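Next come the chains, spelled out residue by residue.
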Amino acid sequence: MSNYKEIEKKWQKYWEDEKVFEADNHSKKEKYYYLVEFPYPSGAGLHVGHCRSYTALDALARKKRMNGYNVLFPMGWDAFGAPAEQYAIKNHIHPSVAVKENIKTFKSQVKSLGLSIDWSREFATTDPEYYKWTQWQFLKFFEHGMAYKAKKNINWCPNCKTGLSNEDSSGGVCERCGHTVEQREKEQWMLRMSDYAEDLIKGLDDTDFIERIKTAQINWIGKSTGAEVNFKVKETKEDLVVYTTRPDTLYGVTFMVVAPEHPIIDKNKDIIKNMDSINKYKEEAKNKTEFERTQVNKDKTGVKIEGLTGINPITNKEIPIYISDYVMMNYGTGAIMAVPAHDERDYEFAKKFGIDIIPVIKGGDINKSAYTGDGEMINSGILNGLTNKKDSIEKMINYLEKEKIGNRKTNYKLQDWIFSRQRFWGEPIPLVYCDDCGWTAVKEEDLPVLLPDVANYEPTDTGESPLAAITHWVNTTCPKCGKPAKRETDTMPNWAGSSWYWLRYMDAHNDKEFASKEALNYWGKLDFYNGGMEHATRHLLYARFWNQFLYNIGLVPNKEPFKTRVSHGMILGEGGVKMSKSLGNVVNPNDMIEEYGADALRTYEMFIGDYEKEVAWSEQGLNGCKRFIDRVVRIGEKVSDKKGYTKELESIIHKTIKKVTDDFDNMKFNTAVSSLMILLNKYEEQNEITKDDYRVFLTLFNPIAPHITEELNEKYDLGDPLCKSTWPKYDEAKTIDEEKEIAVQVNGKVRATIKINVNDTEDVIKEKALQADNVINHTKDKEIIKIIVIKGKIVNIVVK
RNA sequence: GCCUGAGUGGUGGAAUUGGUAGACGCGUUGGACUCAAAAUCCAAUGAUAGCAAUAUCGUGUCGGUUCAAGUCCGACCUCAGGCACCA
C-alpha cells in the first residue's frame, strides 16, 4: 500500500480529470446548492476552524450526489476590504499582488483537504469581471433612489483611517484593529436598508435558519410598537413630537427630553434664554463617543431649556423640557415624553433634577424606583380602572388618533447602511459628480470602473480616500452632458462583494449579465448555507436586504435567498482557549495533513463534537482517528470473495446505514463516525468479511474520508469509484432485532436484565421478569402492586 | 437589565426525545508481542464498600410531577452568545 500522501494526490487528480464535481446547469436531476462562506485569503492561511465547516459541507455534498442530486458546491474569495489592504501595506506589496499570492496559498491549502468543490466556478470579489456586477447592482440601488449621500456623524477609526458602520464598531472599538472609535462628520453614501426592516423580519418565516440566528437578527432590527404623540410648545407654533411605547402612561408625563442634536434648539435660539449653557452641553455631548454616550448606568446629565414649555396634550398641564444625551437623535423622533414613575431612566433623571413623579399604575414603591410592571391605572382619566397594559395602550392610541394628537407608530433600531469607505482597496463607487447634473451614474458599457494602478494606496489623515489624490483618475467627463466632472473617490465596504456572491456561482463566467435568468431560475434559493456566528447579523442581513431589493426590481426569482443557515462552533486551542499567534497555540492544518493525512484530519474534525458547539482541539484525538483509518485499511486483509452481507453482520449493517443516513441529515457527524467505529469493531470480530460488507462500509465512510475509501474500493475491486456510486439503502425490517436484552426495574431501580423475543406477549415478558434471580430477591415477601411493561424497552415492577 | 443556548466521568462527548446514564474516542492502569522501544493486540476503567454476587450514591443547586426524570414543571447558580440610556 502506497502512503496516504500519494493516495490523496492520486484521487484528487482523478476527481479533477474526470470533472466529477462540476455542477451542470442543464441537468434533469433535482438540484441542491451548498455553500460555505467564502474566506478572506489572509496572509495567516487556513485555520483548522475553516476545515471543520468545509469538511462538513463537503461530506453533505458528497452524500447528496450519491443520493442522485445535481449538487452545486462552489468556492471563491472575499478579497476586498481592510484585512487584505492592511496586509498589503504592512508587507509593501500592492494589494492586487498580495491578494493573488494569498489566494494561491489558500487555494492549495483548501485543495489538500480533498473537497468536492466545483472549481470551474471560482472567482474573487476583486476580479474586475466580478466587481463590474457589484458596481452594476449598486447603480440599480442608485437608480431606484435607494442610495443617497448624507452628512453623517460617523464612527471613525483613527488607526485604520476609515469610517465604520455601527456594525463594525460595536462596543466603541474598531472591529478590525481594536482601536477606540471617534466621531467625525462626513458625507457618506447610504443604502436605505431601514426601509426593509419589516420585510427582513417577516422574511425569516420563509427560512429555516437555526433559532439563535433568527433571534440575533430580530434583536438587531429591534422592532418596537407604540405611538407618536404631538406635544404643543407654549412659546412656538410647531409641535414637539415624541415616540413612546407606553402611551398608557401619558397622564404620568411630568417633563420632556430632547436629544442634544434636536433641531428645536436652533430653530428657537432667539426665544431660549440659556443658549450658552445649552451650547456648552451640546459641545460636551458631541465630543463623547457613541460608546460613552450609550454606556448604561451612567449618571444622567442634562440642561433645562429655559424659554420653552411643553404642554401635556391629555392633561393640558405645562411641563419643562430638557436637553440630555440619554435621548438619541437617530431613534424615534429624537424627543421623548418622560414618565418618571414608570421608566427607570426618567426616574433617575427626575430624582436628580427634582421633577415631579406622578404614579399612574398601582404597584411597586415609587419612593425607591420606577415601577415598570402591570397594574391598575390610577390618576389617568379615561384609563382609570383598567388593569392591563395592553388594553390601556390600545385605548389610549385610539383616543389619540380620534383627537388627532397622535398616531400608532412602529420603530426599528435598524439604521441605513453606510456604504462608503475612505479606502483604496474596494470596489470604486461608479458615480461621477458634475456641477450641472449632480451625481450621475457611469454608463453600463463603461463598467467596471477599474481601480487605478498606482503605487500609493495608503489611507490619508484627511479622511479622504487615497483615490482622491490620483487626479488623472478622478478627473473625467460627465456621462450625461460631457462636461468635465469628478469621480466619486470613496469605495464600497467589503460587505458589498459578499452581498450577492452566491448568485454569481450560478453562472460565474457570464459577461453579459451578473447571472442569466435561466441559471438563477434553475438554482433558485441557496439550500444550505454555512458560516460563522459573527456573520449572523451583519453579513446575513446585508445579503438578505440586497437580495430582497433585487427581487423587488425583478432581477432574482426569490425574495429570500437562503433556505437553511447553520453555524459551526469555533475550534479552540488545546486546553480550551482561543487559538492565537500570541499564545502560540495555532494549529496549522497543513502540518496535520502532513503528519496524519487529510482523511484523518477530516474524520477528526467531524468526530470532535457537536458541530454547532465550540470545542477544544486535541492532537491525541486526531491520532485516534488516524488509528481508526489504519484499522479500516487493515480489515481489508480479511476480505473474501463472498457476495452479500455476512449473516452475523447483516443486522448491524442495516442499522448503521440508517444511523449514518439520519445523522448526516441532522448534521450529527460525531455520532455518524462513532457508529462507523462500532461497525468496524464488529467486523474485526469476524474471521473474514465479504466484499459487500467492505464496500458498504467504505461507501458510508466515503463522504468523510474520500481518499482512502476510494483507494481501498479500487484495491479490492469492489465496484465503481465511490464518487460515482449511489448511497446504500437499508431494510427497515432488518434493523429490528429478533432478540433483545431489556432491563427489569423494581420500584424504578434496575435489578436485572432479561432476554426477550419480538414475538413475546406481555404476559411472557412479565413471567420472564419475575423469574430473574435478582428480581426475586427484591420482590419476595413483598406485595406486587403493578407491573409496567413497555414493549421492547423496559419492565418496572412496583412492590410494597 | 432583556432575549437565546448550554451545564453529564480524568477528558472530547453519547443517550432511540420520559424507559438499563456514561455509547464511541482520548487518557490512565495491567497484560501479550519485542533484547528494548515504537506500533499493534487483549483486559480493566463514574465514586464508595466488598474476594465476589451485589449494594449505596451519582447528569450545576434546591424543590415538584411520574411506576420511571440527564430529559417534563417551578425557583435559583454558573458559563457562552446576541441586544442594550432604543423611550
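Here is what the cut-offs are and how they apply
Residues numbered from 1 in each chain as written. Chains lettered and ligands numbered in written order. Predicted model: local features only at pLDDT ≥ 70, side-chain atom pairs only at ≥ 80, totals over all residues. Heavy atoms only, no water. Salt bridge = Lys/Arg side-chain N within 4 Å of Asp/Glu carboxyl O. Helix = DSSP H or I, 4+ residues; strand = E, 2+ residues; numbered from the N terminus. Buried < 20%, exposed > 50% of the residue type's maximum accessible area, 1.4 Å probe, protein only. Core = buried A, V, L, I, M, F, W, Y, C linked by side-chain atoms within 4.5 Å. Contact = heavy atoms within 4.5 Å. Axes fitted to C-alpha atoms, helices over the stretch in contact; angles between N-to-C directions. Parallel < 35°, antiparallel > 145°, perpendicular 65-115°, else oblique. Nonpolar A, V, L, I, M, F, W, Y, C, P; charged D, E, K, R; others polar. Pairing = 2+ DSSP bridges. Left-handed = near helix turned anticlockwise from the far one by under 90°. Disulfide = S-S within 2.5 Å.

### Observations concerning the pattern of salt bridges
Evaluated as defined, the whole model comprises 41 salt bridges. Residues Asp527 and Lys563 are paired through a salt bridge, measuring 3.0 Å at the closest nitrogen-oxygen approach. In this pair, Asp527 is assigned in strand β18 (residues 526–530) and Lys563 in strand β19 (residues 562–566), connecting sequence segments 36 residues apart. A salt bridge links Asp663 to Lys659, with the shortest nitrogen-to-oxygen separation between them at 3.3 Å. Of this pair, Asp663 and Lys659 both sit in helix α20 (residues 647–665), 4 residues apart, which is roughly one turn of the helix. Judged by relative accessible area, Asp663 falls into the buried class, the value being 4%. The class of Lys659 is partly exposed, set by a relative accessible area of 35%. One connected set of salt bridges, linked through shared partners, spans Lys10, Glu711 and Glu714.

### Digging into the nonpolar core
If you look at the biggest cluster of nonpolar residues, it comprises 171 residues, and the most contacted ones within it are Phe138, Trp502, Phe514, Trp617, Tyr694 and Phe697. Those residues in contact with Trp502 that lie beyond four places of it in its chain are Tyr33, Leu35, Leu526, Ala543, Asn547, Pro561 and Phe562. In this structure, Leu240, Val253, Met377 and Ile393 belong to the second largest nonpolar core, which totals 41 residues.

### Remarks on unusual backbone geometry
Between Leu447 and Pro448 the backbone carries a cis peptide bond, its omega angle lying at 0°. Here Pro448 shows up in the loop between β15 (438–441) and α13 (471–474). Its identity as a non-glycine residue notwithstanding, Asn379 has a phi of 50°, on the positive side. Within the secondary structure, Asn379 sits in the loop between α11 (344–353) and α12 (389–402).

### Remarks on the packing of helix α3 (residues 82–90) against helix α4 (residues 95–112)
Helix packing geometry: the angle between the two helix axes and the distance between the axes. Relative orientation of the contacting elements α3 and α4 amounts to 105°, with a least axis distance of 9 Å. Between α3 and α4, the angle falls in the class roughly perpendicular. Residues Ala84, Tyr87 and Ala88 of α3 pack against Pro95, Ala98, Val99 and Asn102 of α4. A breakdown of the residues in the contact of α3 with α4 according to their chemical character gives 6 nonpolar, 1 polar and no charged.

### With respect to the sheet that holds strand β1 (residues 31–36)
Spatial ordering of the open sheet is given by β2-β1-β18-β19, a layout of 4 strands whose pairing is parallel. Both edges of this open sheet fall to β2 (70–72) and β19, since each of them pairs with a single strand only. When the angles between neighbouring strand axes are averaged without regard to direction, this sheet yields 20°. As paired elements, β1 and β18 share 3 bridges and run parallel to each other. Of the residues in β18, the one forming a bridge with Leu35 is Tyr529. Along the sheet, helix α2 (residues 48–66) contacts β1, β2 and β18; its crossing angle with β1, the most-contacted strand, is approximately 170°. Its contacts with the sheet place helix α16 (residues 538–552) against β18 and β19, and it is angled at close to 175° to β19.

### A short note on the sheet that holds strand β14 (residues 431–434)
What the 4 strands build is an open sheet, ordered β15-β14-β17-β16; its pairing is antiparallel. Bordering the open sheet on either side are β15 and β16 (475–477), each of which pairs with just one other strand. Across the sheet, the axes of successive neighbouring strands diverge by a mean angle of 45°, strand direction being ignored. Relative to β15, helix α5 (residues 128–143) is tilted by about 135°, and along the sheet it contacts β14 and β15.

### Let's talk about the environment of Lys28
Along the polypeptide, Lys28 turns up in the loop between α1 (4–18) and β1. According to the relative accessible area criterion, Lys28 is exposed, its value standing at 84%. Considered as a pair, Lys28 and Tyr69 are 41 residues apart in the sequence and their alpha carbons are 9.5 Å apart.

### Considerations on the environment of Asp760
Mapped onto the elements, Asp760 comes out in the loop between β23 (749–757) and α24 (762–771). Look at Asp760 and you get buried, because its relative accessible area is 11%. Between the alpha carbons of Asp760 and Asp511 there is a distance of 70 Å; along the sequence they are 249 residues apart. Each residue touching Asp760, except ones within four places of it in the same chain, is listed here: Ile765, Lys768 and Lys791.

### Some details on the packing of α2 against α20
Close contact between α2 and α20 brings their axes to 10 Å; oriented N to C, the two are set at 120°. Relative to α20, the element α2 lies oblique. Crossing of α2 against α20: the hand is left-handed. Contacts from Ala59, Leu60 and Lys63 in α2 reach Thr661, Phe664 and Asp665 in α20. Tallied by class, residues from the contact of α2 with α20 come to 3 nonpolar, 1 polar and 2 charged.

### Overview of the state of the cysteines
Enumeration according to the criterion identifies 0 disulfides in this entry. Not engaged in a disulfide, the cysteine Cys481 finds its nearest cysteine sulfur in Cys434; these two sulfurs lie 3.6 Å apart. Exposure remark for Cys481: the relative accessible area of 36% places this residue in the partly exposed category. Not engaged in a disulfide, the cysteine Cys625 finds its nearest cysteine sulfur in Cys51; these two sulfurs lie 14 Å apart.

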